[in-house]
Amino acid sequence: LFAANARVGGLLTEEELRDVAGQLGSDCAFFFSSGTALCSGRGERIAELEPLAPRQLLVFKPEQGLSTPAVYRALRLTGLSDADPEQLVDKFQRGVEQQE
């Protein structure tokens, strides 16, 4: 999007590019952030956060993909945490582990 916009003389503002990105996919607008952000809505509302301290993170990628609509259809909201996301982010940034 950045390259296409630059190619046509920068016709769209960054806000307009974010809107276009949101139409392409819910998480596409995240790539307009600086890397650390709290996303809400469908992922299109982005609150920039301070970068996290370096830490080890493991990412697992199964061989078989999953359909996003199917995953959300199977999601059961009962039993999920009712913790405030901003408080969880604050604890994570301070390095405090969530207590159950």
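Below is a summary of the structure that appears in this document. For every chain, the first residue of its written sequence is number 1, and the numbers climb from 1 along that sequence. Selection of residues for local features in this predicted model requires a pLDDT of at least 70, selection of side-chain atom pairs for listing and counting requires 80 or more, and totals for whole chains, interfaces and linings are taken over all residues. Computation of side-chain values: all heavy atoms of the structure, hydrogens and water removed.

**Considering helix α2 (residues 14-24)**
Only protein chains enter the accessibility calculation, which uses a 1.4 Å probe; a residue whose area is less than 20% of its type maximum is buried, one above 50% is exposed, and one in between is partly exposed. Strands are runs of DSSP state E lasting at least two residues, helices are runs of H or I lasting at least four, and both sets are numbered from the N terminus onward. For α2, the full list of buried residues reads L17, A21 and G22. Mapping the buried residues of α2 onto a view down its axis gives an arc of 145°, with all of them on the same face. Away from the buried face of α2 by more than 90 degrees, exposed residues E15 and Q23 are located. For this analysis, residues touch if any pair of their heavy atoms sits within 4.5 Å. In this fold, the buried residues of α2 make contact with α1 (2-7). Throughout, the arc means the angular range of directions from the helix axis out to the C-beta atoms.

**Let's talk about the pairing of strand β1 (residues 37-40)**
Paired strands, in this sense, are two strands between which DSSP finds at least two bridges. With four bridges joining them, β1 and strand β2 (residues 45-48) adopt antiparallel strand pairing. Residue pairing in the sheet places C39 in a bridge with I46 of β2. Counted between consecutive antiparallel strands, the loop separating β1 from β2 contains four residues, among which G41 sits at a positive phi close to 70°.

**Concerning the side chain of N5**
Residue placement: N5 occurs in helix α1. On the basis of relative accessible area, N5 is assigned to the buried category, the value being 10%. Setting aside chain neighbours within four positions, we find N5 in contact with G10, L11, L12 and L17.

**A look at the side chain of T36**
Tracing the backbone through its elements, the reader meets T36 in the loop between α2 and β1. In this structure T36 touches A47, E48, L49, E50, P51 and L52, once residues within four positions along its chain are discounted.

**Observations concerning the packing of aromatic side chains**
In this analysis, rings of Phe, Tyr and Trp, with Trp reduced to its six-membered ring, are considered paired at centre separations within 6.5 Å, and the interplanar angle assigns stacked below 30 degrees, edge-to-face beyond 60, and tilted for intermediate values. Considering all chains together, one arrives at two aromatic pairs under this definition. Considering the side-chain rings of F2 and F32, the 4.8 Å spacing of their centres and the 50° angle between planes classify their relative orientation as tilted. Taken together, the positions of F2 in helix α1 and F32 in the loop between α2 and β1 put the pair 30 residues apart, joining distant regions of the chain. Judged by relative accessible area, which is 47%, F2 ranks as partly exposed. Residue F32 is classed as buried on the basis of its relative accessible area, which comes to 11%. Pairing F30 with F31 gives two aromatic rings, centres 5.8 Å apart and planes at 75°, and the pair type is edge-to-face.

**Some details on the nonpolar core**
Nonpolar side chains tend toward joint burial in soluble globular proteins. The set of buried Ala, Val, Leu, Ile, Met, Phe, Trp, Tyr and Cys residues whose side-chain atoms join them within 4.5 Å is what this entry labels a nonpolar core. In this structure, L17, A21, A29, F32 and I46 together form the largest nonpolar core, which totals five residues. Setting aside chain neighbours within four positions, we find A21 in contact with L1, C28, A29 and F32.

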